[in-house]
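# Analysis of the macromolecular model
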Amino acid sequence: MTDTIKKRIREFVLSNYLFTNDPSALHDDESFMKRGIIDSTGVLEVIQFLNDEFGVTVTDEEMGPENLDSVISLAGFIQSKDAKTKALSA
Amino acid sequence: MCGIAGILGLTSGPPPQTSELVAMITRLRHRGPDGEGIYSDRRVGLAHARLSIIDLEGGRQPLHNEDKSVWVVFNGEIFNYIELRPLLEAQGHRFYTHSDTEVIVHLYEQYGDDFVQHLNGQFAIALWDTRRRRLVLARDRTGIRPLFYTRTASRFLFASEIKALFACPDVARRLDPQALGEIFTYWSTLAPRTAFAGIESLAPGEMMAVDEHGDARRHRYWDWSFPEHATPPARPVEDYADELRALLVDAVRLQLRADVPVGAYLSGGLDSSIIASIIKNFSDTRLCTFALTFDDAEFDESAHQYELVQYLGTHHTSLRCRSADIATAFPRTIWHTETPILRTAPTPLMLLAERVRAENYKVVLTGEGADELFAGYDIFKEAKIRRFLARAPQSRWRPRILERLYPYLTHSPANGRAFTHRFFSEGMEHRDQPYFAHIPRWTTTRRSWQFFSADLTQQLVDWDPYRRITAWLPPELSRAIPLGRDQYVEAHTLMSGYLLCSQGDRMAMAHSVEARYPYLDHRLIEFANRLPAQLKLRGLVEKFILKKAVHGLLPETIRQRTKQPYRAPDSGSFFHNGRPVDYVAELLDVKRIRESGYFDPLAVTKLMEKCGRGRAIGFGDNMAFVGILSTMLVDAMFIRESLGAADWSAAGTPRIPTRASRVFN
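Residues numbered from 1 in each chain as written. Chains lettered and ligands numbered in written order. Predicted model: local features only at pLDDT ≥ 70, side-chain atom pairs only at ≥ 80, totals over all residues.

## Considering the overall build of chain A
- Assigned secondary structure in chain A consists of 5 helices and 0 strands.
- Reading the secondary structure of chain A in the N-to-C direction produces α-α-α-α-α.
- For 90 residues, the compact-globule estimate of 2.2 N^0.38 gives 12 Å, and chain A sits close to it at 13 Å.
- By principal-axis analysis of the C-alpha atoms, chain A measures approximately 40 × 25 × 20 Å.
- The buried share of chain A, reckoned over its 90 residues, is 31%.
- Expressed as a percentage of contacts within chain A between residues at least 6 apart in sequence, the contacts between residues at least 24 apart total 55%. (Helix = DSSP H or I, 4+ residues; strand = E, 2+ residues; numbered from the N terminus. Rg over C-alpha atoms; globule rule 2.2 N^0.38 Å. Buried ≥ 20, exposed ≤ 12 C-beta atoms within 10 Å, placed from the backbone. Contact = placed C-beta atoms within 7 Å.)

Shown next, in the form of structure tokens:
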């Protein structure tokens, strides 16, 4: 399950920010900010992607690098939101 | 106003041919539709295309001194010609016209190369001294009027626009890779470099003398300078405000001088509103204003424009610019800019100049320069904040003041606080460098480099933006106060390199309109540069002293209004229902991209897809798209000439299936 999520995230970041298909262009744990992959407006594109692809909404408090700044953190964030939704509807 | 061109035959070569001078000057007809003139002797040819503004009957060029030993062609206005003339006549000089041009030759007779110090105006001058056998070129202090030159084996050529140089078959046409590196970082090349290899530009405030052997000497006769120490205001604030007001009124007075009607551009913001108000309150000129409106609320300022129109009672014309209009007019824009650009903002200004002409106006006063002089832009506030952060990098409360910026953008970078903090922390190790303020902008712009081809990337492998700019800036700039350093860099890169040319001169001249810039009166620049920093940027309030100086001249809502920089819709304009318009699809086609060699075909394709889906909401992607498209247009028009000059004349653009209609007010 996480692997599919990670795959979709990788594809998005490679295509949308790096404009390439080459998987070696990005490591799962690389900081987007440090790489210069996204700037402060690029964050909004991530948020839109999370909403469109995974139905996840990001609150103001959640809008930080610990959730959004790498493939790994994004995957983890989506999983935890998913778990929360499941827990609430249980 | 006007176009100039010329040829200096070097000693080994043939004399200049009239036919060639005609070929050059014909390319500048949009700059001077009212007539042409040529001077030639066995060494030099001077050509002039006239836009008649002062001395409509008599002021034809080329123009000469009493005994015809000195000849001149010039583009621009000498605003203080009325004051200079009696002084020169008292020194024994005899005038045969009523033009402003003529003071140039008499000042040269009187003062030699120092003639330029006496001029208050905007100008690109070419002067031929037949006795001393030298060609003197001079450009105004801020680069309002352009002047390009190049050398071939047997001659030295100059012109107002590069397209006139390209009329000569021996002039090579090639893009300069270093230029692309500079444009996709600083938004313009650094003079004397231009987009084209071998073509150079005289810098603002610079003069050059060339002899008939081709030896050239250049020097800067004027530059911006700032204090080296922060000092508190020596006088009461009201004193400074009064002096500024008087200077502003005088600058406008001088720049209203014309034998044709003069109008004013209105953006809705403070700077142009001030100009309009001064015209209304301090002159007899009938106030006619012109403004752009946009369908997209993110760019539109019409509410503020109309507020001022009501307040002053102007005769107002507004032009609604629709997103599709930009795509239609963009190729013609690049025909005039002659360089890649990163925003579409020039295009609506070109359309506005067309409207101005349709109303039979040839001259407009505009508000450019005020932001550079009085610290109007956000970049100055950002730099102040970043220096503040740098003094205590671990502080948790200092970053909170970041939230007070950017009220105007829908997609504001103030969301995502931590990302914003990171953005502002960029480049802290450079905090004492004169370019510190510009690091975030250049970093964002340089994201476009990921679209460069492998070949171009390789050619730029040793290129460093900070090393390059440091080599270009004057060494003494490091000693200026921080705000002064920021202002200097901004004025010399964005303003002189992009705003005044690609957005200013080229767009107005596309429709034979002369734009004038009262804020760039050099007396005003010198006054503003001497001011203590806190009179310009007080806390985070921009243009403090300017707002004070104009109290009572404007509605309070406009006087107190926060800066909204002029912007136009970008990449979205070039797509209809997710598909690129015809010429865009053609120019950005994979094969063509690969063949021309500047950009990476796959990356460009992906960018196109992103833009087509409407997902390119950030500055970086939009700059890259516009930059790539404009580079491919430059390549098509100037390097390959696959689309001829006639296709880009004022009449229209080729191969656009439907022409969006403009709604006129």
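Next, the rest of the story.
## Examining the nonpolar core
- Ranked by internal contacts, the top residues of the largest apolar core, which has 205 residues, are Ala-5, Val-72, Ile-104, Ile-125, Ala-126, Leu-137 and Val-364 of chain B.
- When residues of this core are assigned to domains, at least three map to each of domain 1 (3-173 + 192-220) and domain 2 (237-371 + 491-559) of chain B.
- Leaving out residues up to four positions away in the same chain, Ala-5 of chain B has contacts with Leu-21, Met-24, Ile-25, Leu-28, Ala-47, Phe-158, Ala-159, Ser-160 and Ala-164 of chain B.
- The next biggest cluster of nonpolar side chains, apart from the first, holds 19 residues, and it includes Met-33, Ile-38, Val-43 and Ala-75 of chain A. (Core = buried A, V, L, I, M, F, W, Y, C linked by C-beta atoms within 7 Å. Domains from an automatic or database assignment.)

## Comments concerning the domain arrangement of chain B
- Per the domain assignment, the segments of chain B are domain 1 (3-173 + 192-220) and domain 2 (237-371 + 491-559).
- Of the residues lining the interface, 22 residues belong to domain 1 of chain B; the matching set on domain 2 of chain B comes to 23 residues.

## A word on the sheet that holds strand β8 (residues 148-151) of chain B
Residues and elements named next belong to chain B.
- Pairing within the open sheet is antiparallel, and its 6 strands lie in the order β2-β3-β1-β9-β8-β10. Two strands close off the open sheet at either side, each with one partner strand: β2 (36-40) and β10 (200-201).
- The sheet contact formed by strand β1 (residues 3-9) and strand β9 (residues 155-159) spans 5 bridges and is antiparallel. Within the sheet, the bridge partner assigned to Leu-8 lies in β9 and is Phe-156.
- Sheet strands touched by helix α1 (residues 18-26): β1, β2, β3 (44-49) and β9. Its angle to β1, the strand with the most contacts, is close to 150 degrees. (Pairing = 2+ DSSP bridges. Axes fitted to C-alpha atoms, helices over the stretch in contact; angles between N-to-C directions.)

## What to know about helix α18 (residues 522-530) of chain B
Residue and element names in this part refer to chain B.
- Among all positions in α18, only Leu-524, Ile-525 and Ala-528 are buried. Projected down its long axis, α18 carries its buried residues within an arc of 100 degrees, all on one side. Turned more than 90 degrees away from the buried face of α18 sit Arg-523 and Arg-530, all of them exposed.
- Next to the buried residues of α18 lie α6 (237-255) and α11 (370-374). (Arc of directions from axis to C-beta.)

## A look at the sheet that holds strand β14 (residues 288-294) of chain B
Residue and element names in this part refer to chain B.
- If you walk across this open sheet you meet the 5 strands as β15-β14-β13-β16-β17, and the pairing is parallel. Only two strands of the sheet have a single partner each, and these edge strands are β15 (315-321) and β17 (514-516). Averaged over all adjacent pairs, the angle separating strand axes in this sheet is 30 degrees, with direction ignored.
- Across 3 bridges, the pairing between strand β13 (residues 262-265) and strand β16 (residues 363-365) is parallel. The residue bridging Val-262 from the neighbouring strand is Val-363, located in β16.

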